[in-house]
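The chain contents come next:
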Amino acid sequence: MKKLLLLFVVATSLSAFCQDSVLLRANYNEGDEFLIDLEQSQNMGAAGGMDMKIKMNMSIIKKEGDSFTAASKISTIKMNMLQGGMIMDFDSTKKEEDLDETGKMFKQQFDPMLKALITTKMTNRGEATDIKVEPMAPGMEEFVKQSSSIKYPEEKVSVGSSWSTELNQQGMKIVTKYTVSKIIEGKVYLDVTGDVSGMGAGKVTGAIVIDATTGVQDTANTEVKVSANGAEVTITAKVKTTKI
């Protein structure tokens, strides 16, 4: 009887474990709308730093089989910069007459970004197959690359599963590893680690929470520490995605 009870407990445990396997896919519907909040901080020590907050709206404008087309547009940009002992800031929600001279200078740089429409074609695994920015604005290409989502693995994941992605940007290669730490109440929690090589060397750490049903990355918090040309730079990013 005890053996049968033990076998029942083991079978139940295995069944529960199997139920924790999740196939990560972007399950969007045409007409879905999302608000994306991005906060990024760059610390260069004595050389200064920068804090930036960006709000962006994304709409799913087309769905074809396992592929989607999304239209995104930046709605607001707020920036605070310390450089050479000077503090400079910009807030796109302010009227031009309320900006100081530095703010007006930044307005000329950021206005094209605020006017640009980003059209992205992607698979349900989150892989971008085509990206268009119209009209093209300085800095938008790098921004789009940085804000790209994770490419999900082909197979189901469970606690302990991991996969890696590679990004080459500005002379640096970033290899990022995602490991499932837990799956609770329909949310998949990932630990993020990685290495930076090339023109700079460093480490990546962070955490991401994904909604298992929709495939939306609810929150993504990452930190990159890089040494380049004798300088130490720390970049932190916090991204929150909300369906509206």
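As shown above, the structure is provided for reference.
(A) Highlighting the side chain of Thr176. Summarising the element assignment, Thr176 is placed in strand 8 (residues 172-184). With residues up to four places along the chain from it excluded, the contact list for Thr176 reads Trp163, Ser164, Thr165, Val192, Thr193 and Gly194.

(B) A look at the nonpolar core. Ranked by size, the top nonpolar core spans 33 residues in total, and within it Tyr28, Ile74, Ile77, Phe110, Met140 and Phe143 carry the most contacts. Elements represented by at least two residues in this core include exactly strand 1 (33-43), strand 2 (48-64), strand 3 (67-83), strand 4 (86-91), helix 2 (101-115), strand 5 (117-123) and helix 3 (140-146). Not counting the four nearest positions on each side in its chain, Tyr28 is found in contact with Phe34, Ile60, Lys63, Phe68, Met122, Thr214 and Val216. The next biggest cluster of nonpolar side chains, apart from the first, holds 20 residues, and it includes Val22, Leu24, Tyr152 and Val192.

(C) Expanded view of unusual backbone geometry. The omega torsion across Glu134 and Pro135 is -10 degrees, close enough to zero to call that bond cis. For Pro135, the position within the fold is in the loop between strand 6 (128-134) and helix 3. Positive phi, normally seen in glycine, also occurs at Glu185, with a value near 50 degrees. Along the chain, Glu185 falls in the loop between strand 8 and strand 9 (187-198).

Conventions we followed
Residues numbered from 1 in each chain as written. Predicted model: local features only at pLDDT ≥ 70, side-chain atom pairs only at ≥ 80, totals over all residues. Heavy atoms only, no water. Helix = DSSP H or I, 4+ residues; strand = E, 2+ residues; numbered from the N terminus. Contact = heavy atoms within 4.5 Å. Core = buried A, V, L, I, M, F, W, Y, C linked by side-chain atoms within 4.5 Å. Buried < 20%, exposed > 50% of the residue type's maximum accessible area, 1.4 Å probe, protein only.

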